[in-house]
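Descriptive structure summary
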Amino acid sequence: MRTHRRKSRPGFATVMVLVVIGIVAILLVSLQTVAWRGAAAGREAVARTRAKWAAKAGVEAAIAAIAFDTAEPDTSNAHTVYNDLAAVSHAELFGATYSVVHWDDVSKRTVDGPADTHAKLNVATMTADALMLIPNMTEDAADAILDWIDSDDDTSPLGAEDSFYLSLAVPYLPRNAPPRTLQELELVEGVAPDLLRGEDWNLSGTLDAEENDGSPPSGLFPPDNADGVLNAGWSEYLTAASSDGLDGGWAASGQPRLDLTVATSEEILSRLNSGASRAASLTSDQAQAIQAYAAATPSGTLVDFLRSDLADLAQAAATATGDSGFSAARARQIQPLSDDQIARLLEECAFPAVSGVPAPGKLNINTCSDEVLQCLPTIDSSLADSIILERGSRQQGFVALTDLLEVPSMTRDRLADLFPYITVRSNVFVVVSRGRDAATGTEVVMTATIDRSSLPVVIKDLVVR
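Because the structure is a prediction, the values reported are computed rather than measured.

A look at the overall build of the protein chain
Looking only at helices and strands, the protein chain has 15 helices and 15 strands in total. Compactness check: the protein chain gives a C-alpha radius of gyration of 31 Å against a globular reference of 23 Å for 465 residues, more than 25% above the reference. For the protein chain, the spread of C-alpha atoms along the three principal axes comes to 140 × 50 × 40 Å. Counting all 465 residues of the protein chain, 43% fall into the buried class. Pairs at least 24 residues apart make up 63% of the contacts formed inside the protein chain by residues separated by at least 6 positions.

Here's what the structure looks like:
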């Protein structure tokens, strides 16, 4: 027995050594695995950080271009800001790149630069008749949208107000004000997500890969036909992001708009004649007449100068205030405002917003599609086609609203009807910046809504994914 024990000790020791070696090997493998995973996680974190900062660089480049154009606008070309934004829409950085593109409904393709929210109709400006011009819109949805936006509790014939929403399993109240986002409309009775979003399921305004892969209705969202065209449902026509600020946004001269209700005739003369051609320069009498009318009619609008002769406005102001400064004889001698003078007045001046609430944005006739333009209130298909045809003949676009007077059948009265709804200068842009790490392909998408209705420009919304 003793001999047997002596012979077994080396075998036992060998087994123990092998066990220890196995345990150590397992520990080393585990440590290596943990270290590898940690290193991989670290590399992924670094890659995502690099992609995120690249995406942010794209947003900052767009902000810089927008701010520069706001302070130093090109008054001879309506497309300059878009060309400048396209010029900074792609860049290679240290180990990363960024790209800013959007789907353009006019050319039906992806183009460089941010999207112009004023290329669509702000839902807060829509009428029931206008909403019904949007494809697949229903009467109950149109009425419910208007009920959601208006401030009263009166229910439209097919709409919905407080009583309906409070009766739901999860009750809530309607906004009774313009929606803050287009997605908010999905809370409105009768508004289905697939109708609102179409193929643009994330409402990014870009044709993403999953929105062009031919997914059937039973497959991955969104269903699409892989035709290379972004069919965006109602979001092709509507927006909630565009804004005219408190008084129409920054002036074409790169200054705050001149408040006509408190400006002196000297200030009006100086502002409107600065840099103006001889044909566009005001006379002293014209400036005094503008000042007199604005001071006597603080609730007036710029449309008044389109609809009425300046002499009549001056006489009305004199009658309202009892001021004999503009007698009937003198008023008759005041020269009517020319188209160029009207253009300067519309570009540089404002009657301040009485409510103190930023106004919904107008439709930019330089960037909207024909289909969207025909959904505009007070416009018919013939006039819309004429505007699109005239726009196509202008390399610089419509630089001033009065350029529309060169459209056949357009008059000052018709332009006055359109003035509350249209503009030639946009204030709000959506920047979809895709940052990409060059080494790993990791991507970060940063979506920023930029508002330049005042300076410095404001980031109204920011989403990172």
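Some remarks on the packing of helix α7 (residues 265-273) against helix α8 (residues 284-296)
The geometry of a pair of packed helices is captured by two quantities: the angle between their axes and the separation between those axes. Closest axis-to-axis distance for the α7/α8 pair is 8 Å, and the angle between their directions is 120 degrees. In this view, α7 runs oblique relative to α8, as classed from their interaxial angle. Of the two possible hands of crossing, α7 and α8 adopt the one that is right-handed. Here α7 contributes S265, I268 and L269 to the contact with α8, which in turn contributes S284, A287, Q288, I290 and Q291.

A closer look at the side chain of T70
Residue position: T70 is located in helix α1 (residues 2-71). Separated by 3.3 Å, the side chains of T70 and R452 make a polar contact. With near-sequence residues (within four places) excluded, T70 lies in contact with W250, G254, R425, R452 and L455.

Comments concerning the pattern of salt bridges
Taken as a whole and judged by the stated rule, the model has 15 salt bridges. Several salt bridges converge on common partners, so that one network encompasses D208, R434, R436 and E443.

What about the packing of α7 against helix α12 (residues 339-348)?
For the pair α7 and α12, the least separation of the axes is 10 Å and the interaxial angle reads 105 degrees. Judged by the inter-axis angle, α7 sits roughly perpendicular to α12. Counting all contacts with α7, which are made through R271, L272 and N273, the residues of α12 involved are R344, L345 and E348. Split by residue class, the contact of α7 with α12 holds two nonpolar, one polar and three charged.

Notes on the nonpolar core
If you look at the biggest cluster of nonpolar residues, it comprises 74 residues, and the most contacted ones within it are L238, L260, F305 and L404. Sort the elements by how many residues they give to this core and helix α4 (residues 139-149) lands first, with seven residues. Among all residues touching L260, those that are not within four sequence positions of it are I268, I290, A294, L302, F305, L345, C349, A350 and F351. Counting 20 residues, the second largest nonpolar core, distinct from the first, contains A62, I63, L85 and F429.

Details of the side chain of T239
Within the fold, T239 resides in strand β6 (residues 238-239). For T239, a relative accessible area of 8% translates into the label buried. Those residues in contact with T239, other than ones at most four positions away along the chain, are T117, K120, L121, N122, V123 and L182.

Some thoughts on the pairing of strand β3 (residues 109-112)
Two strands pair when backbone bridges link them, and strand β2 (residues 96-104) and β3 are joined in this way by four bridges, in the antiparallel orientation. Residue pairing across strands places H102 opposite V111, the latter belonging to β3. Hairpin connection from β2 to β3: four residues lie between these consecutive antiparallel strands, with K108 at a positive phi of about 60 degrees.

Some points on a nonpolar patch on the surface
A contiguous nonpolar surface patch, about 240 Å² in accessible area, is contributed by V15, V19 and I23. Relative to the assigned elements, V15 resides in helix α1. Classification of V15 by relative accessible area gives partly exposed; the value is 46%.

What about the environment of D437?
If you trace the backbone, D437 turns up in strand β13 (residues 428-437). In this structure the C-alpha to C-alpha distance between D437 and A119, which are 318 residues apart in sequence, comes to 32 Å. Setting aside residues up to four positions removed in sequence, D437 forms contacts with A47, R50, A51, G95, A96 and T442. In this structure the side chain of D437 is engaged in a polar contact, spanning 2.7 Å, whose partner is the side chain of T440.

A short note on α8
For α8, spanning 13 residues, the distance from its first C-alpha to its last is 18 Å, which sits close to the expected 18 Å at 1.5 Å a residue. What α8 keeps buried is the set Q286, A287, A289, I290, A292, Y293 and A294. Buried-residue contacts for α8 involve α7, α9 (303-307), α10 (310-321) and α12.

Comments concerning the pairing of β13
Among the ten residues that make up β13, eight are buried, leaving the element largely enclosed by the rest of the structure. When β2 meets β13, the two strands line up antiparallel, connected through five bridges. Residue S99 lies in a different strand from β13, and its bridge partner there is R434. The pairing of β13 with strand β14 (residues 443-451) spans nine bridges and is antiparallel. Residue pairing for β14: S433 is matched across the bridge by M446.

A closer look at the environment of V59
Looking at where V59 falls in the secondary structure, it is placed in helix α1. For V59, a relative accessible area of 3% corresponds to the buried category. Note: C-alpha distance between V59 and S99 (40 residues apart in sequence) is 9.7 Å. Ignoring any residue separated from it by four or fewer positions in sequence, one finds V59 in contact with V431, S433, M446 and A448.

Definitions and cut-offs
- Position numbers for residues count from 1 along each chain, tracking the sequence in the order it is written.
- For a predicted model such as this one, the threshold for reporting local features is a pLDDT of at least 70, and the threshold for listing and counting side-chain atom pairs is 80 or more; totals across whole chains, interfaces and linings nevertheless cover every residue.
- To obtain the side-chain values, all non-hydrogen atoms of the structure were included, while hydrogens and water were left out.
- A run of DSSP states H or I qualifies as a helix once it reaches four residues; a run of E qualifies as a strand once it reaches two. Both are numbered from the N-terminal end.
- This radius of gyration counts C-alpha atoms alone. The globule rule is 2.2 Å times how many residues there are, raised to the power 0.38.
- Here the term buried applies to any residue with accessible area under 20% of the maximum for its type, exposed to any over 50%, and partly exposed to those in between, with areas from a 1.4 Å probe on protein chains only.
- Every residue pair with non-hydrogen atoms within 4.5 Å of one another is taken to be in contact.
- Geometry is summarised by axes, namely lines fitted to C-alpha atoms with helices restricted to the contacting stretch, and by angles between N-to-C directions that run from 0 to 180 degrees.
- An angle below 35 degrees is read as roughly parallel, one above 145 as roughly antiparallel, one from 65 to 115 as roughly perpendicular, and any other as oblique.
- Rotating anticlockwise by less than a right angle from the far helix to the near helix defines a left-handed crossing, while the corresponding clockwise rotation defines a right-handed one.
- What qualifies as a polar contact is a pair of N or O atoms within 3.5 Å, subject to a donor-acceptor requirement within protein and to the restriction that residues adjacent in sequence count only when both atoms come from side chains.
- For salt bridges, the criterion is a side-chain nitrogen of Lys or Arg within 4 Å of an Asp or Glu carboxyl oxygen.
- Residue type decides the class: Asp, Glu, Lys and Arg count as charged, Ala, Val, Leu, Ile, Met, Phe, Trp, Tyr, Cys and Pro as nonpolar, and the leftover types, Gly among them, as polar.
- Take the buried residues of types Ala, Val, Leu, Ile, Met, Phe, Trp, Tyr and Cys, join any two whose side-chain atoms come within 4.5 Å, and each joined set is a nonpolar core.
- Only when DSSP finds a minimum of two bridges between them are two strands counted as paired.
- Any residue with relative accessible area above 30% and no salt bridge may belong to a patch, with like charges joined within 9 Å and the nonpolar Val, Leu, Ile, Met, Phe, Trp and Tyr side chains within 5 Å.
- Per-residue and other accessible areas follow the Shrake-Rupley method at a 1.4 Å probe size, with only the shown protein chains counted as cover for residues.
- Expected span of a helix: the number of residues minus one, times 1.5 Å.

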